[in-house]
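Descriptive analysis of the structure
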2 protein chains.
Amino acid sequence: MNQGKIEDAYVTLAYGNGGRYMRELIARIFTRHLGNPQLDIRADASILPMPPGDVMVTTDGFTVQPLEFPGGDIGSLAVHGTVNDLAVSGATPLYLTLNAFIEEGLEFDVLDRLIASMARAARDCGVKVAAGDTKVLRRGEGGGLYLATTGVGIRRPGLRLGLSRIENGDMVLVSGAVGDHGTAVLLAREDFGLKGDLQSDAGSVLPLTQALLNLPGLRFMRDPTRGGLVTVMHEIAQTTALTVRLDETAIPVHPPVRGVCDILGYDPLYLACEGRVVAVLSPDDARHALAHWRALPSGEDAAIIGRLDGPGGQVVLQTEIGGERLLEELEDDPLPRIC
Amino acid sequence: MNQGKIEDAYVTLAYGNGGRYMRELIARIFTRHLGNPQLDIRADASILPMPPGDVMVTTDGFTVQPLEFPGGDIGSLAVHGTVNDLAVSGATPLYLTLNAFIEEGLEFDVLDRLIASMARAARDCGVKVAAGDTKVLRRGEGGGLYLATTGVGIRRPGLRLGLSRIENGDMVLVSGAVGDHGTAVLLAREDFGLKGDLQSDAGSVLPLTQALLNLPGLRFMRDPTRGGLVTVMHEIAQTTALTVRLDETAIPVHPPVRGVCDILGYDPLYLACEGRVVAVLSPDDARHALAHWRALPSGEDAAIIGRLDGPGGQVVLQTEIGGERLLEELEDDPLPRIC
């Protein structure tokens, strides 16, 4: 990637969407200045070289609107998002730090509910909040509440997971239906005038990731948040220079999600999940992984959805009617403020 | 402190100011829900029980306006603020995580400068950015840029520092003049119509803190940021139930800072510093500490400014003209958005 300056003069929303523009922003500003052997922008968590064992750390910011949505809220999301980033790295999350940017005018009752929800999520995931900070923002500058969480976890020494382990012929699995979170948040906004009983999939993926850690053919796991399933597939395709071939009929999508997306013109394959895992495994272990996942309550819709299929670096969808189409990388924001 | 609900229905700016309202907000919402043995809201950094050695973690959010000011900017501030919180805990900072909330419309040139400044500060402090995340906020919702940083450091096993170690008769030191940062940021705002060549004191305090770590009489260190010197003194007075007696003539304040504060009606003792340390030591070691600090470039204005003076839990200022007055705890925000 060109390391020169960004051509645009101003940041636009497209630079926060998880796709190419954001990679550019990160590569050309953040990585260029901050790059060092510990800064791997493609990993969900980084190893802190502090023996014994592998100390893992990750961080995430949360700006979802509305603050509360069917199936979750920004408080639990800020825990699950960071716990999940550690989990897909193969780590056991232990601690969180929390930054809260609170807008003047936010109701205390709402804040109270959100932080209570956060505490419940932390207890359920077995993590402790080890440090925190709050700032109050002037009215009109805050969106109610922004959160940032950093997670610290421990990973079994010797466990190697990552994009670099992926091989041609490997299989791609997803732990459940995609697009629930993005669609639920969309419907929770009054401006769309649609009603539905869709629930976000937001939750901890720790049981799912831990179920696979003993499989030697496990190569890579990732939670498809901003930019959805396709964005993870592009990351795999670009890093490995292999083509990812997905089978449209195999990808689980809940019918109401498909219905809403059809009405509004969104593609669920690009919508954020907050409680799903994408995993890449050797063909043999892919079958074992599928069995492990389907035995878990959060994995009963798990499916093998595609495979690494020779050189090319593309993401190809085999469609229901037998054709195929290229899935482009996300360029603009499908849904602002969903994580 | 009463653990019931906050009486106000809405968050106001006063709840972010480092004084009583903020303690209330933290105690009655954050600590009530998130409290656990690792969550010590009075420590600048927390021990993560991960042997060997004491792993320390801290986090801070940054919303300063303007983003660039004489002597610093939000990028370097976000490094120094978190490095300093680890330093005053007696730790050696090793890693940072970074969250950036970027407002749509921020110029890339500005962002570039700020992140470059952050990288320089990190190199100078010997810390590495180990993980990061960015979000883009809609125009009008962001203040240009908010940052949150989490720091991880290592502390020598057996080193005990904290408010609980403070004893009657101990001395209070400050490493340099107070109020420079708050005043410099104030003047950098066009809305005050004042010009001056005041520089913020923003910087790393690591050399200052490390100079004292071998003194057995070292009880406690803190960097007086939001709420300034008096807020730290109140924390000491309230925790120990001892009276802190400060000597007005001994407290270093740069004359231009005093001048600006006189004009605008601020008290420099309540204004944020971003590169100073307050330390409490036994009387013998206070003299050694003073000598150590004065030998450092960032400590040449260091002074013994007061002492712990019997029961009472008050903060008392002996004035230049021989009288004394109570220094009240900060209730409202003297200067929004200075850290």
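None of these values were measured; they are calculated from a predicted model. (Residues numbered from 1 in each chain as written. Chains lettered and ligands numbered in written order. Predicted model: local features only at pLDDT ≥ 70, side-chain atom pairs only at ≥ 80, totals over all residues. Heavy atoms only, no water.)

This brings us to the overall build of chain A. If you tally the helices and strands in chain A, you get eight helices and 14 strands. A total of 339 residues make up chain A; the buried ones form 64% of that total. The long-range share in chain A, meaning contacts at least 24 apart out of those at least 6 apart in sequence, stands at 83%. Accessible surface, chain A: about 12400 Å² in total, of which carbon and sulfur atoms supply 49%. (Helix = DSSP H or I, 4+ residues; strand = E, 2+ residues; numbered from the N terminus. Buried < 20%, exposed > 50% of the residue type's maximum accessible area, 1.4 Å probe, protein only. Contact = heavy atoms within 4.5 Å. Areas by Shrake-Rupley, 256 points an atom, 1.4 Å probe, with all protein chains shown as cover.)

Another point: the environment of S76(A). Residue and element names in this part refer to chain A. The topology assignment puts S76 in helix α2 (residues 74-88). For S76 and R123, which are 47 residues apart along the polypeptide, the C-alpha to C-alpha distance reads 11 Å. The contacts of S76, once residues within four sequence positions are left out, are S117, M118 and A121.

Attention now moves to the sheet that holds strand β8 (residues 171-174) of chain B. Residues and elements named next belong to chain B. Pairing in this open sheet of seven strands is mixed, and the strands run β9-β11-β8-β12-β10-β13-β14 from one edge to the other. The open sheet has two edge strands with one neighbour each: β9 (218-222) and β14 (324-326). Strand after strand, the sheet turns through a mean of 25° between neighbouring axes, direction not considered. Together, β8, β9, β10 (242-247), β11 (278-281), β12 (303-311) and β13 (315-318) form the strand contacts of helix α6 (residues 228-240), whose direction differs from that of β10 by roughly 150°. Sheet strands in contact with helix α8 (residues 283-294) are β8, β9, β11 and β12, and its direction is about 10° off that of β8. (Pairing = 2+ DSSP bridges. Axes fitted to C-alpha atoms, helices over the stretch in contact; angles between N-to-C directions.)

Moving on, we come to unusual backbone geometry. All names here are of chain A. Residue P66 follows Q65 across a cis peptide bond; omega there is 0°. By the element assignment, P66 lies in the loop between β2 (54-62) and β3 (68-69). The backbone of A241 sits at a positive phi, close to 60°, despite the residue not being glycine. Residue position: A241 is located in the loop between α6 (228-240) and β10 (242-247).

Once that is clear, we can look at the pattern of salt bridges. Tallying each qualifying case throughout the model produces 19 salt bridges over all chains. Note that R113(B) is salt-bridged to E68(B), the shortest N-O span being 2.8 Å. Of this pair, R113(B) sits in helix α3 (residues 108-125) while E68(B) is found in strand β3 (residues 68-69), placing the two residues 45 residues apart along the sequence. With a relative accessible area of 33%, E68(B) lands in the partly exposed category. One salt bridge in this structure joins R276(B) and D180(B), with 3.3 Å as the shortest N-O distance. Pair noted here: R276(B) is in the loop between α7 (255-264) and β11 and D180(B) is in helix α4 (residues 180-188), with a separation of 96 residues, a long-range link. D180(B) gets classed as buried once you look at its relative accessible area, which sits at 3%. Residues joined by salt bridges that share partners form a network here, namely R245(A), R307(A), D309(A) and E324(A). (Salt bridge = Lys/Arg side-chain N within 4 Å of Asp/Glu carboxyl O.)

It is worth spelling out the sheet that holds strand β13 (residues 315-318) of chain A at this point. Residues and elements named next belong to chain A. Strand order in the open sheet formed by seven strands is β9-β11-β8-β12-β10-β13-β14, with mixed pairing between adjacent strands. Pairing within the sheet leaves two strands with one partner each, and these edge strands are β9 (218-222) and β14 (324-326). Adjacent strand axes in the sheet meet at a mean angle of 25° when their direction is disregarded. One ladder, built from four bridges, connects strand β8 (residues 171-174) with strand β11 (residues 278-281); its direction is antiparallel. Bridge pairing in β11 places M171 opposite L281. Here helix α8 (residues 283-294) sits on the sheet in contact with β8, β9, β11 and β12 (303-311), set at roughly 10° to β8.

Residue and element names in this part refer to chain B. Taken together, the buried positions of α7 are occupied by V257, V260 and C261. Take α7 and look down its axis: the buried residues cluster within an arc of 100°, on one side only. Structural note: α7 exposes P255, D262 and I263 on the side pointing more than 90 degrees away from its buried face. Directly after α7, the chain includes G265, whose backbone phi takes a positive value near 80°. (Arc of directions from axis to C-beta.)

On average, chain A scores 84 in pLDDT, and the residues at 70 or more come to 80%. Note that pLDDT drops below 50 for residues 38-49 of chain A; the model gives that stretch 48 contacts with residues more than four away or on any other chain. (pLDDT = per-residue confidence, 0-100.)

It is worth spelling out the packing of helix α2 (residues 74-88) of chain B against α3(B) at this point. All names here are of chain B. One can describe the packing of α2 onto α3 by two numbers: an axis separation of 6 Å at closest approach and a directional angle of 30°. Between α2 and α3, the angle is such that the two are roughly parallel. The interaxial crossing formed by α2 with α3 has right-handed handedness. Every residue of α3 that contacts α2 at I74, G75, S76, A78, V79, H80 and V83 is listed here: L114, S117, M118, A121, A122 and C125. Of the residues in the contact of α2 with α3, the class split is nine nonpolar, four polar and no charged. (Parallel < 35°, antiparallel > 145°, perpendicular 65-115°, else oblique. Left-handed = near helix turned anticlockwise from the far one by under 90°. Nonpolar A, V, L, I, M, F, W, Y, C, P; charged D, E, K, R; others polar.)

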